[in-house]
There are 4 protein chains.
Amino acid sequence: MHFSKVETVLEYRVGGEAHVLLNIEAAKTSAQAVISEELVIEPACDFESFCDEGSGNRFVRFDAAPGSLKIRYRAHVQRSHVVVPPDLEEVPVNRIPNEVLHYLMPSRYCESDVMSRAAQQLFGHLTPGIGRVQAVADWIHDSIVYEPGSSVSTTTASEVFVERAGVCRDFAHLGITLCRALNIPARLVVGYVWFDEPPQDFHAVFEAWIGGRWVLFDPTRMAPVDRVVRVGTGRDAKDVAFCTLFGPVSMTSKTMTIEELQDESAPVGVAPTSAARAGAIEKPVATLA
Amino acid sequence: MHFSKVETVLEYRVGGEAHVLLNIEAAKTSAQAVISEELVIEPACDFESFCDEGSGNRFVRFDAAPGSLKIRYRAHVQRSHVVVPPDLEEVPVNRIPNEVLHYLMPSRYCESDVMSRAAQQLFGHLTPGIGRVQAVADWIHDSIVYEPGSSVSTTTASEVFVERAGVCRDFAHLGITLCRALNIPARLVVGYVWFDEPPQDFHAVFEAWIGGRWVLFDPTRMAPVDRVVRVGTGRDAKDVAFCTLFGPVSMTSKTMTIEELQDESAPVGVAPTSAARAGAIEKPVATLA
Amino acid sequence: MHFSKVETVLEYRVGGEAHVLLNIEAAKTSAQAVISEELVIEPACDFESFCDEGSGNRFVRFDAAPGSLKIRYRAHVQRSHVVVPPDLEEVPVNRIPNEVLHYLMPSRYCESDVMSRAAQQLFGHLTPGIGRVQAVADWIHDSIVYEPGSSVSTTTASEVFVERAGVCRDFAHLGITLCRALNIPARLVVGYVWFDEPPQDFHAVFEAWIGGRWVLFDPTRMAPVDRVVRVGTGRDAKDVAFCTLFGPVSMTSKTMTIEELQDESAPVGVAPTSAARAGAIEKPVATLA
Amino acid sequence: MHFSKVETVLEYRVGGEAHVLLNIEAAKTSAQAVISEELVIEPACDFESFCDEGSGNRFVRFDAAPGSLKIRYRAHVQRSHVVVPPDLEEVPVNRIPNEVLHYLMPSRYCESDVMSRAAQQLFGHLTPGIGRVQAVADWIHDSIVYEPGSSVSTTTASEVFVERAGVCRDFAHLGITLCRALNIPARLVVGYVWFDEPPQDFHAVFEAWIGGRWVLFDPTRMAPVDRVVRVGTGRDAKDVAFCTLFGPVSMTSKTMTIEELQDESAPVGVAPTSAARAGAIEKPVATLA
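Reading the values: rules and limits
Residues numbered from 1 in each chain as written. Chains lettered and ligands numbered in written order. Predicted model: local features only at pLDDT ≥ 70, side-chain atom pairs only at ≥ 80, totals over all residues. Helix = DSSP H or I, 4+ residues; strand = E, 2+ residues; numbered from the N terminus. Rg over C-alpha atoms; globule rule 2.2 N^0.38 Å. Buried ≥ 20, exposed ≤ 12 C-beta atoms within 10 Å, placed from the backbone. Contact = placed C-beta atoms within 7 Å. Least-squares fit on C-alpha atoms with pLDDT ≥ 70 in both. Nonpolar A, V, L, I, M, F, W, Y, C, P; charged D, E, K, R; others polar. Pairing = 2+ DSSP bridges. Axes fitted to C-alpha atoms, helices over the stretch in contact; angles between N-to-C directions. Expected span 1.5 Å × (residues − 1). Domains from an automatic or database assignment. pLDDT = per-residue confidence, 0-100. Parallel < 35°, antiparallel > 145°, perpendicular 65-115°, else oblique. Left-handed = near helix turned anticlockwise from the far one by under 90°.

A. Focus on the overall build of chain A. Each helix and strand in chain A was counted, giving 5 helices and 15 strands. Since a compact globule built from 289 residues should have a radius of gyration of about 19 Å, the 19 Å found for chain A is in line with a globular shape. Its C-alpha atoms give chain A principal-axis dimensions of about 55 × 45 × 40 Å. When the 289 residues of chain A are sorted by exposure, 45% land in the buried category. Contacts in chain A between residues far apart in sequence, at least 24 positions, make up 76% of those at least 6 positions apart.

In structure tokens:
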């Protein structure tokens, strides 16, 4: 079991009528339970929560009035320790489940349709399996320079492949793209991750479908993937933006605190204790997804 | 009521073990019923049919052995006459249903994230509503040259916007992109359409979400949109390829026959009669979607 | 006659053996004379000056040693008042001089080869002549948002055309591209310009070949074009970078002072007086180009 | 000594007033002499010949009237046997001559400004020198698939790097781009080359500036570079199009005959003999460039 406490505060200046779509809440999956969480929007407003059917991503949407807007989210999350067998095999295309097939298709930032030859050239000779996806992740780590400011929000994987620089989402996009080009379904995962080196921030990694399951890879090697507190899962970054703003809104501040409580031994589901430990948790979650 | 008979024959040369994903069957929707249809794959093979949950697209997938491959699909389809009110209003972003929201996001061939300013500049001053989407379609018709060979399968909407030439899918992609950039959800629709001028072929148009419903637009003006026998609906062309080939397969021939039976007065559901009229229909469809 | 005094100080941190190619000296043309100028490089080093044959651009190149590097350039420049007749006609392609022809060709940041249709569509119906080029500049002014940070050093004109935002060099690149696409030779001009609103900086405008001569246009409208103290002229920004750095060098500071002395009546060539006025001018220029 | 006979016939349909700029005549350089040549344009027309100062490229330009246009060029060319020492060294940037410097800059189809990291990564560890440029050419040969139809006239080197397919000009563009990104000046050379396997066609190779001289490389390995009958030299393909058409002109036919006369022992300059052998040579060239 892993336990994490995350807290983020996002502040915006709203210049006019605006609508906000948030995707910052920890996902509820078979491997991740939200023990307690709290979302506070100031000024208080009516908001609607919904869970996207396909992805399981949890969204909150609301209208924001002109002025300042402050969003604070805190969660205490418990994650299963995932043991990934070292010998997972790639699934031949004809046995990829119907609902997974579309993770083979190119998407906005992952133009796998133009990278088949490059992917085959670099990785086509390797034994199919989890080792090959690891080789993709290793190659990205070794070939792409992690450089904040080297890419923008519309940078695509093929641009990263040419320019050989980017940030975590670019690394993940390239991993996804190369996998898809090898006929391995792949998708983006974003979440909170505790980095040994500050500052803490949202993080993006990728997930490949091998051996009949989704397996996480982080080509940045900035943190072990089992530290990922999953928030969003999607085809690429456009599906999992933590905040989509409609209207004249600009961010003024973003802070994040992440604690990894690896040695925690408290049993799962003892919400009161957890809540006490986490502070004023107002919205305990009773059932695990 | 509109009645159409469509028939297409696709021939391929298969050079090795391959897997084929077809999306050529007429969709079954509240506005379109398949009276009868027949899909023949030669050489005969086991195939699996499934319907994609989100889109309703009907897929067939199968393994193809080396040699020649022939796919023949015939259908007799009935479509409701759709009356589109002339005064449909755009839905403000904050009232777009949750499940429609993702049709606002950029996709592989529709980079709406880089075209906001262009869309606002060209159409921002127009009264929101169906007339504005029609203006987008009209502008595309007037500004983009329809020129076979001017684009490739990976051409994106922003490239079409720059180069001002393309084919039907490029026209539709640009329409989708401009709508999304205006905060109007939009998506691609492909299908069979009877053109006054041969040759018959698959066609692509776009659909915008206005007044709480999806409305079709064809910026090519090659045929009235109510002739569209819908096959696939998706974010863009990557979601609705009529045939996705995994392995060494190349198309050798494609033929298509489409008949529009506009004056037909036979009641819907009289399958035997329809079947008789359509020829050897082997797979009558009893229930309408 | 216009008189300008320009001074710029560029500071760099040099991390290892490096080579520097400067293009910051005022050009010497039939319309622009350098009354006096001074270039100081600290630490002092041997440098080579040369004038590029085709463009007339003045370059200085030198090796820079690790440590800090400071480049100071001051000049007192006199420019003829250029009267542009309002009725200059476009020159048909078959009468464009041989040596001007290559300004019709696409270049790194000016992909006129993909914008013919767009250019024809927007400006093809206008009467050929200087008015049409002015219409190009006006359209850019009205259509592109001037927004620092919206583009990078590798942004091209077609990207600016799509994204509708940029800075002065992007505006100029788009002007060049649209002109070339209309078969009007065009090129980039960079220089010092006194802006009414600070901060002062290098500026980029474009020049079109009309009526048998080069005529300046500034689609940003940030300053009258006759304030341009010309430094470099080229196919696009890659030809006229004010500083090209080979090696581990990063800029630490850039300051610029520009004075426009419009009412000055002193005769040209009275170097001592000018020198006195400009301060310690160490390198008077005796001959006008 | 190498002797070549080349003949090309280009046919066009001219739909309206047009202007034609040809660059199909064999270059006259210190290593290549044109023994005899003939250019016939039908219908006959006044044409102007000029030699571009920077590149030495020979251009012919003329107005074409509506109707059919036939251009026939024949030449008998003698080339020195070029011995390239196997140990040529790269020239450090600070010793690259002024007039060669601009072959380091990015150009329309060679975006070396976005490929520095990729070039360093692939070739930065190799010993500088002719061997490194050969490694670039070898890598291109091994990594890029030669596939007619895989690229278009506006395809750039970075696109070829991503898509890993192209034709000779794409191979050459990528070679140029990688060299420039390594601070090795490089440029495009087009010409006639006798291929062992037909059809004969124009060919494109690249030239890198090493050891103080230009050295040819052909990453396609379609023919030894000393078979190149040089026609044009430029920054990239935009500088050396064999035919630039202004107006409604379309090519209807292109044929080419190239003979490599390797064992020829006739002395250079015996024009009558050559002329007799070549047929009706109307324009003997007396002096070698």
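B. Region of the structure containing unusual backbone geometry. In this model, Glu42 of chain C is joined to Pro43 of chain C through a cis peptide bond whose omega is 0°. Positive phi, close to 55°, is recorded for Arg221 of chain D, a residue that is not glycine. Along the chain, Arg221 of chain D turns up in the loop between β11 (213-217) and β12 (229-234). With 14 C-beta atoms counted inside 10 Å, the residue Arg221 of chain D sits in the partly exposed group.

C. A look at the relation of the copies chain B and chain A. Each copy of the sequence occupies a distinct position, and chain B is placed on chain A by a rotation of 180° and an axial shift of 0.0 Å, giving an RMSD of 0.0 Å. Expressed as an axis order, the relation between the two copies is that of a two-fold axis. Within chain B, the C-alpha atom positioned nearest to the axis of rotation is that of Arg108 of chain B, 1.9 Å from it. Of the interface residues in chain B, 100% have counterparts in chain A that sit at the interface too, so the contact is made through matching surfaces.

D. View of the arrangement of the chains. In this structure chain A stays clear of chain C, and the shortest span between their C-alpha atoms is 10 Å. A gap remains between chain B and chain D, which never touch, and the nearest two C-alpha atoms on either side lie 10 Å apart.

E. Here's a closer look at the interface of chain A and chain D. Facing the 13 residues of chain A at the interface are 13 residues of chain D. Residue composition of the side of chain A that touches chain D, grouped by class: 7 nonpolar, 3 polar and 3 charged.

F. Region of the structure containing the sheet that holds strand β10 (residues 201-210) of chain A. Residue and element names in this part refer to chain A. The sheet built from 4 strands is open, its strands ordered β11-β10-β9-β12 with antiparallel pairing. Two strands bound the open sheet, and with one partner strand each, they are β11 (213-217) and β12 (229-234). Averaged over all pairs of adjacent strands, the angle between their axes in this sheet comes to 35°, without regard to strand direction. Contacts from helix α2 (residues 130-143) reach β10 and β11 within the one sheet, and its direction differs from that of β11 by about 30°. The strands that helix α4 (residues 168-181) touches are β9 (186-193), β10 and β11; relative to β10, the one it contacts most, it runs at about 10°.

G. Summary view of the environment of Asp113 of chain A. Here Asp113 of chain A is to be found in the loop between β6 (67-79) and α1 (116-123). What makes Asp113 of chain A partly exposed here is the crowd of 19 C-beta atoms within 10 Å. For Asp113 of chain A and Ser49 of chain A, which are 64 residues apart along the polypeptide, the C-alpha to C-alpha distance reads 35 Å. Every residue in contact with Asp113 of chain A, bar those within four places of it in the chain, is listed here: Pro106 of chain A together with Thr154 of chain B.

H. Representation of helix α4 (residues 168-181) of chain C in the model. Residues and elements named next belong to chain C. For α4, which comprises 14 residues, the first-to-last C-alpha distance of 20 Å matches the rise-based estimate of 20 Å (1.5 Å per residue) to within 8%. With 14 of 14 residues buried, α4 lies mostly within the body of the structure. Once α4 ends, the next one or two residues include Asn183, with phi positive near 65°.

I. Inspection of the relation of the copies chain A and chain D at higher detail. Aligned on chain D, chain A shows an RMSD of 0.0 Å; the corresponding rotation is 180° and the shift along the axis is 0.0 Å. Of all interface residues in chain A, 100% are interface residues in chain D too; the two copies therefore contact each other through one and the same surface.

J. Geometry of the domain arrangement of chain A. Residue and element names in this part refer to chain A. Under the domain assignment used here, chain A contains domain 1 (2-81 + 241-283) and domain 2 (93-239). Across the boundary between the two partners, domain 1 contributes 22 residues, which contact 17 residues of domain 2. Every element with two or more residues in the side of domain 1 that touches domain 2 is listed here: β1 (2-14) and β14 (249-261). Top element by residues in the side of domain 1 that touches domain 2 is β14. It accounts for 5 residues. The class makeup of the residues in the side of domain 1 that touches domain 2 is 9 nonpolar, 10 polar and 3 charged.

K. Representation of the interface of chain B and chain A. The interface of chain B with chain A comprises 20 residues on the first partner and 21 residues on the second. Taken together, the residues of the side of chain B that touches chain A sort by class into 8 nonpolar, 7 polar and 5 charged.

L. Just the sheet that holds strand β12 (residues 229-234) of chain C, in detail. All names here are of chain C. Pairing is antiparallel in the open sheet, where 4 strands are placed in the order β11-β10-β9-β12. Since the sheet does not close on itself, it has two edges, and those belong to β11 (213-217) and β12, each with one partner. Across the sheet, the mean angle separating the axes of adjacent strands is 35° when strand polarity is ignored. Judged from the 5 bridges that link them, strand β10 (residues 201-210) and β11 form a sheet pairing that is antiparallel. Paired with Phe206 across the strands is Phe217, a residue of β11. The sheet contacts of helix α2 (residues 130-143) involve β10 and β11, and relative to β11 the element is tilted by about 30°.

M. The arrangement of the confidence of the model for chain A in detail. Residue and element names in this part refer to chain A. Mean pLDDT over chain A: 90, with 90% of residues reaching 70 or higher. pLDDT under 50 marks residues 266-289. Its contacts with residues more than four places away, or in other chains, come to 34 contacts. At the level of chain-chain contacts, confidence expressed as ipTM amounts to 0.89, with global pTM at 0.90.

N. Representation of the packing of α2 of chain C against α4 of chain C. Residues and elements named next belong to chain C. Relative to each other, α2 and α4 sit at 140°, their axes nearing to 10 Å. Viewed along their axes, α2 and α4 adopt a mutual orientation that is oblique. At the point where α2 passes α4, the crossing takes the right-handed sense. Of α4, the residues touching α2 (which contributes Val133, Val136, Ala137 and Ile140) are Phe171, Leu174, Gly175, Leu178 and Cys179.

O. Here's a closer look at the environment of Glu259 of chain B. Residues and elements named next belong to chain B. Secondary-structure assignment places Glu259 in strand β14 (residues 249-261). With 14 C-beta atoms counted inside 10 Å, the residue Glu259 sits in the partly exposed group. C-alpha of Glu259 to C-alpha of Leu39: the two residues are 220 residues apart in sequence and 18 Å apart in space. When residues no more than four places from it in sequence are discounted, the contact partners of Glu259 are Ser4, Lys5 and Trp194.

P. Quick look at the pairing of β12 of chain A. Residues and elements named next belong to chain A. A large share of β12 lies buried, amounting to 6 of its 6 residues. The pairing of β9 with β12 spans 5 bridges and is antiparallel. Counterpart to Leu188 in the pairing with β12 is Gly234.

Q. Layout of the pairing of strand β5 (residues 58-64) of chain C. Residue and element names in this part refer to chain C. The sheet contact formed by strand β2 (residues 18-22) and β5 spans 5 bridges and is antiparallel. Bridge pairing in β5 places Leu22 opposite Val60. With antiparallel pairing between neighbouring strands as the criterion, strand β4 (residues 48-51) and β5 make up a hairpin whose turn holds 6 residues, including Gly56 at a positive phi of roughly 80°.

R. Molecular detail of the environment of Pro92 of chain C. By the secondary structure assignment, Pro92 of chain C is in the loop between β6 (67-79) and α1 (116-123). Spatially, the C-alpha atoms of Pro92 of chain C and Val14 of chain C are 49 Å apart, while their sequence positions differ by 78 residues.

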